[in-house]
Amino acid sequence: MRSVRFMGAATITCLTLAVPAGNGHAQTVSQDPMAQRFWDVGIGQSQVRDLAQVLMDSIGPRLAGSPNLASAQEWLIRTYEGWGVPVRREQYGTWEGWQQGILHVDLIAPRVQTLEAKLLAWSPPTDGPVEGDVVALPVIAAQGDPDAWLPYVAGKWVLADVPVAVCRAPQELEKWARPETVERINQERSDAVRAWRVRLGEIGGRGLTARLEDAGALGVISSRWSNGWGVNKIFSASTTRTPHVDLSCEDYGLLYRLADRNQSPRVRIEAESQELGVVPQFNVIAELKGAELPDEYVLLGAHLDSWHGAAGATDNGTGTIMMLEAMRILKEVYPNPRRTILVGHWGAEEMGLIGSSSFREDHPEVMEGLQAAFNQDNGTWRIERIEGQGYLDAANHIPGWMQFVPATIRDHITLEFPGNQQNSGSDHSSFVCAGVPSFRFQSPYPEYRQYTWHTNRDTYDKIVLEDLAENATLAAMIVYQASEDPRRMGREKATLVDGRGQPRAWPTCRPPRRER
């Protein structure tokens, strides 16, 4: 496997930059007039700040089946039409519609405190404010009777997750705590998980939520901590008749300790939500028709949907804005491309790559004529890596395309060929499995995974606007080069290997799930 790291000494068309005060970017970046034009429009005239603010602040989270996702799609269409870019919606299926209203969760005894909470997706609402005592799933004293505890949950809110004793990020513990403290905390955490699993086994873990609802529980309170200050993963409810609320690690621990020590915690919860029935689901496709090779394609992609715990900023609002802005740049600088340029704003990626997989199935002509596809789906910081995804010919094209990109962008990007498909859980995989060249614009992972991926902290303020502008300009430049390349990229595949270095099979495509 070969990795290429672009360094300044390898620059072909780019000059050494003198960065002026004020905007953080040079005015002249290239001796190539076309490259300079891309830079001027993408960096000097960047619109990412305003575009991102509308999507993340005004529209907000974009859960599949929600009115917010439909609003985001309508906004994309209006935006493209305002730029004179042909755009369309393509229905690929349906989903169960759901919309959240307000949520208030308050501790009212033994003291008063407003708690940090999120309503999980597709959770039923409360009927106005509902007060009740809080109980944790009990240890069963009477062995052999898994239902002995059920009468105790009637009319109560049930804590249904293992608590975390210390809600500090692991890297902070390792940096600041004594080694014996770290060892103690880690041991307590693992012991708590084991004890919780035993507890669930005693009461019959399978179908637990339905049994809680049958027993008359007011609802379920859970917590899925994401190993950082105040940050939780926010996904779907497990309930169907009662509310399911996620509490922050800190507040969940508070309720659990009070319940565990018989200090009579009581909460008041008001949750609004609305089931909207079956609603149609769409991809939004923008297009610049090829002037010479209209039946060959370069495809940019990013999923538009998100989970609903926050604004969906880095997953995947930044990817959406990156591709939207890239198309604006292309429309202004390169309005008559050699090959057809498409941008796919995919739906329901979070539900299983549904939008992009549906596009693959519905457009065999694009798969046949695809020169290359590029996807982005983890938008924290600058693009740092492009992997060849196992395509042998990628090494004969992408490094050359990258030479058009100014050194200030490309110098920190590692190219890896042929690649072993290290990251497969995003929309590029919908096309890789079909054997067509599809690649991933990859940003750094650690902070993204810990603090913003699927969390209640994935908000506009996490976006680094300078990086987003550079990412969009990079995408536009790469698309230009891919469109102009006189050669088609081949589809010969490298041998993939598993963790033991043994050959493994190329991934296969699964039919998209087009309804919920």
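What you are looking at is a predicted structure, and each value in this text was computed from that prediction instead of being measured.

Caption draft 1: Quick peek at the overall build of the protein. Looking only at helices and strands, the protein has 15 helices and 19 strands in total. Rg of the C-alpha trace for the protein: 25 Å, near the compact-globule value of 24 Å for 516 residues, within the 12% margin. Going through the 516 residues of the protein one by one, you find that 57% of them count as buried. Accessible area for the protein stands at about 21400 Å²; split by element, carbon and sulfur atoms hold 49% of it.

Caption draft 2: Structural detail: the state of the cysteines. One pass over the full model with this rule turns up two disulfides. Sulfur-sulfur distance for the disulfide between Cys433 and Cys509 comes to 1.9 Å. Taking the sign of the torsion about the S-S bond as the criterion, the disulfide between Cys433 and Cys509, at about 100°, is right-handed. Residue Cys433 is located in the loop between helix H13 (429-432) and strand S17 (438-442), and its partner Cys509 is located in the segment after strand S19 (503-504); the two are separated by 76 residues in the primary sequence. Sequence-ordered numbering of the bonded cysteines in the protein yields a pairing of 1-2, 3-4.

Caption draft 3: Structural context of the confidence of the model for the protein. Per-chain confidence: the protein averages 93 in pLDDT, with 94% of residues scoring 70 or above. Per-element confidence in the protein is highest for strand S13 (residues 339-346), whose mean pLDDT is 99, and lowest for strand S1 (residues 2-5), whose mean pLDDT is 58. Taken as a whole, residues 6-26 scores under 50 in pLDDT and shows 40 contacts with residues more than four places along the chain or in a different chain.

Caption draft 4: Structural context of the pairing of strand S5 (residues 130-136). Where S5 lies against strand S11 (residues 266-288), four bridges are found, and the strand directions are antiparallel. For Gly132, the partnering residue across the bridge sits in S11 and is Val267. As defined by bridge partners, S5 adjoins strand S6 (residues 156-159) across four bridges and the pair is classed as parallel. Within S6, the residue paired with Ala136 across the bridge is Leu159.

Caption draft 5: Region of the structure containing the side chain of Ser222. Positionally, Ser222 belongs in strand S7 (residues 219-222). Polar contacts involving the side chain of Ser222 include one to the side chain of His244, which spans 2.8 Å. For Ser222, the residues in contact, after removing those within four places along its chain, are Leu120, Asp161, His244, Val245, Asp246, Leu247 and Tyr252.

Caption draft 6: Region of interest: unusual backbone geometry. Cis geometry is found at the peptide bond from Ala109 to Pro110, where omega equals 5°. Along the polypeptide, Pro110 turns up in the loop between strand S2 (87-109) and strand S3 (113-114). The omega torsion of the bond from Asp315 to Asn316 falls at 5°, within 30 degrees of zero and hence cis. Tracing the chain through its elements places Asn316 in helix H8 (residues 313-333). Although it is not a glycine, Gln389 adopts a positive phi angle of roughly 55°. Locating Gln389 in the fold gives a position in the loop between strand S15 (385-387) and helix H11 (398-402).

Caption draft 7: Geometry of the pattern of salt bridges. Taken as a whole, this structure holds 23 salt bridges when the rule is applied. Here Asp191 ties to Arg194 by a salt bridge, and the two come within 2.2 Å at their closest N and O atoms. In this pair, Asp191 and Arg194 are both assigned in helix H5 (residues 179-203), three residues apart and thus about one turn of the helix distant. Ionic pairing is found between Arg328 and Glu325, a salt bridge with its closest N-O pair at 2.7 Å. Linking Arg328 with Glu325, this pair stays in helix H8, spanning three residues, or about one helical turn.

Caption draft 8: Inspection of the nonpolar core at higher detail. Among the nonpolar cores identified, the biggest contains 77 residues, and Phe38, Ile321, Leu330, Ile398 and Phe441 are the most heavily contacted of them. At twelve residues, helix H15 (residues 465-484) tops the list of elements feeding residues into this core.

Caption draft 9: Broad picture of the packing of aromatic side chains. The final tally for this structure, using the stated rule, is 16 aromatic pairs. Taken together, a centroid distance of 5.4 Å and an interplanar angle of 75° make the contact between Tyr391 and Trp506 edge-to-face. With Tyr391 in the loop between S15 and H11 and Trp506 in the segment after S19, this residue pair connects regions lying 115 residues apart in the sequence. The burial state of Tyr391 is the same as that of Trp506; both residues are buried.

Caption draft 10: View of helix H1 (residues 33-44). Among all positions of H1, only Ala35, Gln36, Phe38, Trp39, Val41, Gly42 and Ile43 are buried. Tucked into the core, H1 has its buried residues touching H8, helix H12 (407-410) and H15. Its side-chain oxygen 2.8 Å from the backbone nitrogen of Met34, Asp32 forms the N-cap of H1.

Caption draft 11: Spatial organisation of helix H3 (residues 67-83). Spanning 17 residues, H3 covers 25 Å between terminal C-alpha atoms, matching the ideal 24 Å at 1.5 Å per step. For H3, the complete set of buried residues consists of Leu69, Ala72, Gln73, Trp75, Leu76, Ile77, Thr79, Tyr80 and Trp83. Each element contacted by the buried residues of H3 is listed here: helix H2 (48-59), S2, S11, H8 and S13.

Caption draft 12: Quick look at the environment of Ala72. Relative to the helices and strands, Ala72 resides in helix H3. Once the C-alpha coordinates of Ala72 and Ile413 are considered, the two residues, 341 residues apart in sequence, prove to be 31 Å apart. Excluding anything up to four places from it in sequence, Ala72 contacts Leu55, Ile59, Arg62 and Leu304.

What counts and how
- All residue numbers here refer to positions counted from 1 along the written sequence of the relevant chain.
- In view of the model being predicted, local features appear only for residues whose pLDDT reaches at least 70, and side-chain atom pairs are presented and counted only at 80 or more, with totals across whole chains, interfaces and linings using the full set of residues.
- Excluding hydrogens and water, the side-chain figures rest on all heavy atoms present in the structure.
- Secondary structure follows DSSP: runs of H or I at least 4 residues long count as helices, runs of E at least 2 residues long count as strands, and numbering of each begins at the N terminus.
- Restricting the calculation to C-alpha atoms gives the radius of gyration, and the globule rule supplies 2.2 Å times the number of residues raised to the power 0.38.
- Summary of the burial criterion: residues with accessible area below 20% of their type's maximum are buried, those above 50% are exposed, and those between are partly exposed, where the area comes from a 1.4 Å probe applied to protein chains only.
- Here, Shrake-Rupley sampling with a 1.4 Å probe gives the accessible areas, and only protein chains in the shown set may cover a residue.
- The definition used for a disulfide is geometric: two cysteine sulfur atoms within 2.5 Å.
- Residue-level confidence of the predictor is what pLDDT reports, using numbers from 0 through 100.
- In what follows, residue pairs with any heavy atoms lying within 4.5 Å of each other are defined as contacts.
- By definition, two strands form a pair when at least two bridges between them are found by DSSP.
- As used in this structure description, the phrase polar contact means that two N or O atoms lie within 3.5 Å; if the pair is within protein, one of them must be able to donate a hydrogen and the other to accept it, and residues adjacent in sequence are counted only when both atoms belong to side chains.
- In the sections that follow, a salt bridge refers to a side-chain nitrogen of Lys or Arg positioned within 4 Å of a carboxyl oxygen of Asp or Glu.
- Here, nonpolar core means buried Ala, Val, Leu, Ile, Met, Phe, Trp, Tyr and Cys residues that are tied together by side-chain atoms lying within 4.5 Å of each other.
- A pair of Phe, Tyr and Trp rings is counted when the ring centres sit within 6.5 Å of each other, with Trp represented by its six-membered ring. The angle between the planes then sorts it: under 30 degrees is stacked, over 60 is edge-to-face, the rest tilted.
- How far a helix is expected to stretch is found by multiplying one less than its residue total by 1.5 Å.

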